[in-house]
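Secondary and tertiary structure notes
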Amino acid sequence: MATALVYHEDMTAARLLWDDPECELERPERLVAVLSLLRLRGLEQRCLRLSACEASEAELGLVHSPEYVALVRETQTLDEDELRALSKQYDAVYFHPSTFHCARLAVGATLQLVEAVLTGAAPNGLALVRPPGHHSHRAAANGFCVFNNVAIAAKHAKQKHGLHRILIVDWDVHHGQGIQYIFEDDPSVLYFSWHRYEYGRFWPFLRESDTDAVGQGQGRGFTVNLPWNQVGMGNADYLAAFLHVLLPLAFEFNPELVLVSAGFDSAIGDPEGQMQATPECFAHLTQLLQVLAGGRVCAVLEGGYHLDSLSESVCMTVQALLGDPGPVLQGSMEPCQRCEGHRVEGAGVGRLTALISLQCPGVHTERPGCPGPSLDKPPTRQHESLTQDKALSALGKFLFLVDGILNGKVTCGIAAIPACGKAATLDVAIQQSLSRGAQRLLCLVLGELDWPLDIADDGRILWLNIGGKETAVRSAFHISTPLPGTTGGFLNYILGLVLPLAYSFQPELVLVTVGPAQGLQNPHVALLAAMLRIPAAGRVLALLEEESAPQLVTTLAPVLHGEAPPSLGPFLMASPEDIQTLKCLRAQLEPRWKLLQVASEAQGEAGSCHRVPLGKPPSGTNYTDQACS
Ligand code: X5A
Ligand code: ZN
């Protein structure tokens, strides 16, 4: 099942016919540039290509008034002067004789994408559309937008598929006020938007783009605005916003579908956004969203006006949707710092996952229905079974696997080990990695296990023990804490501690050790692996104890390949004790690991951009990190 890519070349027809410096950014070349880079990278060819059809007027009517639809229909017959006069009645809008056709195709493409994902024809996908949609209102065009593609798709998903919870993530650099207005009293649609704001001095200059606009009536708490009051936000800021603000809310909301208003004017080089986040960041944002809603992520193009930055960022998004591991996120992980120069790398080569069993105790090494290993094909969702290879000793295989991950021949691996050999195997894996020159090794230990005595705490190993006897920060690299008691607590630990640490540390390899009596259910371990894989660019080696291995392999192998983890089941808030423990850990670790910072009230004016404004917490979401900030 491949990622859906929905497009129609007629959407390049609409263009600005007169001089207008504000509107000239939104031009046909945007789609041409994106598509040609997708082809050059071989990404388009890996997708399920769907040709867009025009949305029906009934579909447009899910959001827009009949009078407004009629008015846009009439623009097909207007001459240039009339088009220009009409355009002037709206803020930052131009009409072209083909606008109605293009805008209907844009809605149609978005609906086809959602249809493909909700019927199971594709796991996820991207609609490449023009004109964009998120600024348009029920009865008005606005900000280059004519029909509200994403809002119509959300209404359609509710009405035609009976969905109850839809998350809209608007990572465009402008506030999608149109979407906000349409769903402000609707608790079934959680709308999150970050946007350049500058205290209201940036377009569209709205009071209601600020943090205190949280929705109304039944929908109160289901609109979340994160205004950026400075330009220059980079990868660490965007990650901090996802880890500390969006994802805690999103997990509790538990969406059935994620729609992304995927504007790339929030990427480096864009003349509108003036931000610093690199294209690679969008692979990370996409992967982080893919752990929600069973991976049903539908990205729909909004803005993005720097053709190279736009095209690279779309490629990164598609690579993530396809399940490719990586890329590594470069640069400082300190929120609100200017990031280093924009580096662009080509697509990764095909890599394999190896599954091995040190004692060969009947662990499944092939996923059912999975084709055999193939080295020359780019898709990375195949396993290489090493169990059959009698020539290699068990330990030899294991070391081969460690090497393979470090030198990039293998992406990730799972090893089953006897309980008595767990500590020794981990020790060997660490020694082997260090002797191969590894500089940063993250050891995530679930269950009780002490730091190997013969290995120095010299900054090359970050030891994070969850499920240990006591809470202890022995050094910035040696952290131990008991297991949180609830799903909410566990999520808090992942989003508020494990992932920020992993992103800050930038490990070359993550060793996850899972004991049988560590108290976590398989879906929890799967979620942890699915999320750790993201900062680790896929390079995760899981060491399982034999007794628990057979079921855990079945759960872990798909997620290490980028498939969505299973749902965690009923949500229980973190206990006050767990929140207190996390708060205490973070307070001690923040000076060294900057991505742990949620807010820094103490820093005054200069540090005010560190603040991730939480506003008034939406009702029922108070398990999040406010207690820690
Ligand atoms: C979709 C989008 C921006 C309009 C900016 C007007 N619209 N100054 O990015
Ligand atoms: Zn925009």
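Residues numbered from 1 in each chain as written. Chains lettered and ligands numbered in written order. Predicted model: local features only at pLDDT ≥ 70, side-chain atom pairs only at ≥ 80, totals over all residues. Heavy atoms only, no water.

**Some details on the sheet that holds strand S1 (residues 4–7)**
Whenever strands of a sheet pair, they do so through backbone hydrogen bonds, lying parallel or antiparallel. What counts is decided by this rule: Two strands qualify as a pair provided DSSP detects at least 2 bridges between them. Put simply, DSSP H or I for four residues or longer makes a helix, DSSP E for two residues or longer makes a strand, and each gets a number counted from the N terminus. Whenever a helix is involved, its axis is fitted only over the stretch in contact; in every case the axis is a line through C-alpha atoms, and angles between N-to-C directions fall within 0 to 180 degrees. In this analysis, two residues are considered to be in contact whenever any of their non-hydrogen atoms come within 4.5 Å of each other.
Strand order in the open sheet made by the 8 strands is S2-S1-S3-S8-S7-S4-S5-S6, with parallel pairing throughout. Two strands bound the open sheet, and with one partner strand each, they are strand S2 (48–51) and strand S6 (223–228). Neighbour-to-neighbour, the strand axes of the sheet open up by a mean angle of 15°, direction not taken into account. Judged from the 4 bridges that link them, S1 and S2 form a sheet pairing that is parallel. Residue Tyr7 lies in a different strand from S2, and its bridge partner there is Ser51. Against the sheet, helix H10 (residues 307–322) touches strand S3 (125–127) and strand S8 (297–301), its axis set at about 150° to S3.

**With respect to a negative patch on the surface**
Spelled out, the test is: Residues qualify for a patch when their relative accessible area is over 30% and they have no salt bridge, like charges being joined within 9 Å and the nonpolar side chains of Val, Leu, Ile, Met, Phe, Trp and Tyr within 5 Å. To be clear on the numbers: accessible area is Shrake-Rupley with a 1.4 Å probe, and residue cover counts the displayed protein chains and nothing else. Any carboxyl oxygen of Asp or Glu that lies within 4 Å of a side-chain nitrogen of Lys or Arg is treated as forming a salt bridge with it. Positive residues here are Lys and Arg, negative ones are Asp and Glu, while His and the chain termini are left out of the count. For this purpose, a charge sits on NZ of Lys, CZ of Arg, CG of Asp or CD of Glu.
On the surface, Asp79, Glu80, Asp81 and Glu82 cluster together into a negatively charged patch. Mapped onto the secondary structure, Glu82 falls in helix H4 (residues 80–88).

**Here's the deal with the site of ligand 1**
Our working rule: When at least one non-hydrogen atom of a residue lies within 4 Å of a molecule or strand, that residue is treated as near it. We define a polar contact as two N or O atoms separated by no more than 3.5 Å, with the added condition that, inside protein, one atom must be a possible hydrogen donor and the other a possible acceptor, whereas residues neighbouring each other in sequence contribute only through side-chain atom pairs. When residues are sorted by character, Ala, Val, Leu, Ile, Met, Phe, Trp, Tyr, Cys and Pro go into the nonpolar class, Asp, Glu, Lys and Arg into the charged class, and all the rest, Gly among them, into the polar class.
Not every one of the 14 residues close to ligand 1 is listed here, only the nearest: Glu22, Gly143, His174, Asp265 and Tyr305. Here Tyr305 contributes a side-chain N or O atom positioned 2.5 Å from an oxygen atom of ligand 1. Protein contacts shield 98% of the accessible area of ligand 1, which totals 310 Å² for the unbound molecule. Of the residues belonging to the shell around ligand 1, the class tally is 5 nonpolar, 5 polar and 4 charged.

**Considering the nonpolar core**
To keep things clear, this is the line we draw: Buried residues of nine kinds, namely Ala, Val, Leu, Ile, Met, Phe, Trp, Tyr and Cys, make up a nonpolar core once their side-chain atoms join them within 4.5 Å. Burial here depends on accessible area, computed with a 1.4 Å probe over protein chains only, as a share of the maximum for the residue type. Under 20% is buried, over 50% is exposed, and the range in between is partly exposed.
With 179 residues, the main nonpolar core has Leu128, Phe147 and Leu289 as its most contacted residues. If one sorts the elements of this core by residue count, helix H8 (residues 235–253) sits on top with 14 residues. The residues contacting Leu128, other than those within four sequence positions of it, are Leu5, Val6, Tyr7, Met11, Leu31, Val34, Leu35, Leu38, Leu301 and Val314.

**Digging into the packing of aromatic side chains**
For clarity, the threshold we go by: Working definition: a ring pair exists when centres of Phe, Tyr or Trp rings (six-membered ring for Trp) sit within 6.5 Å. Plane angles under 30 degrees give stacked, over 60 give edge-to-face, the rest tilted. Charge-over-ring placement is defined geometrically: NZ (Lys) or CZ (Arg) within 6 Å of the ring centre, and within 35 degrees of the ring normal.
Applying the stated criterion to the full structure yields 18 aromatic pairs. Note on Phe144 and Tyr305: the rings are 5.7 Å apart at their centroids and 85° apart in plane angle, and the pair reads as edge-to-face. Of this pair, Phe144 sits in the loop between S3 and helix H6 (149–161) while Tyr305 sits in the loop between S8 and H10, and the two are 161 residues apart along the sequence. On the accessibility criterion, Phe144 (9% relative accessible area) is buried. Grouped by ring-pair contacts, the aromatic residues Phe192, Trp194, Trp228, Tyr238 and Phe242 constitute a single cluster. Just above the ring of Trp593 sits the side chain of Arg592; from NZ or CZ to the centre is 4.1 Å.

**With respect to the pairing of strand S11 (residues 410–417)**
Across the 8 residues that make up S11, a large majority, 8, are buried. Relative to strand S17 (residues 540–545), S11 runs parallel, the two sharing 5 bridges. Note that in S17 the partner of Ala416 across the bridge is Leu544.

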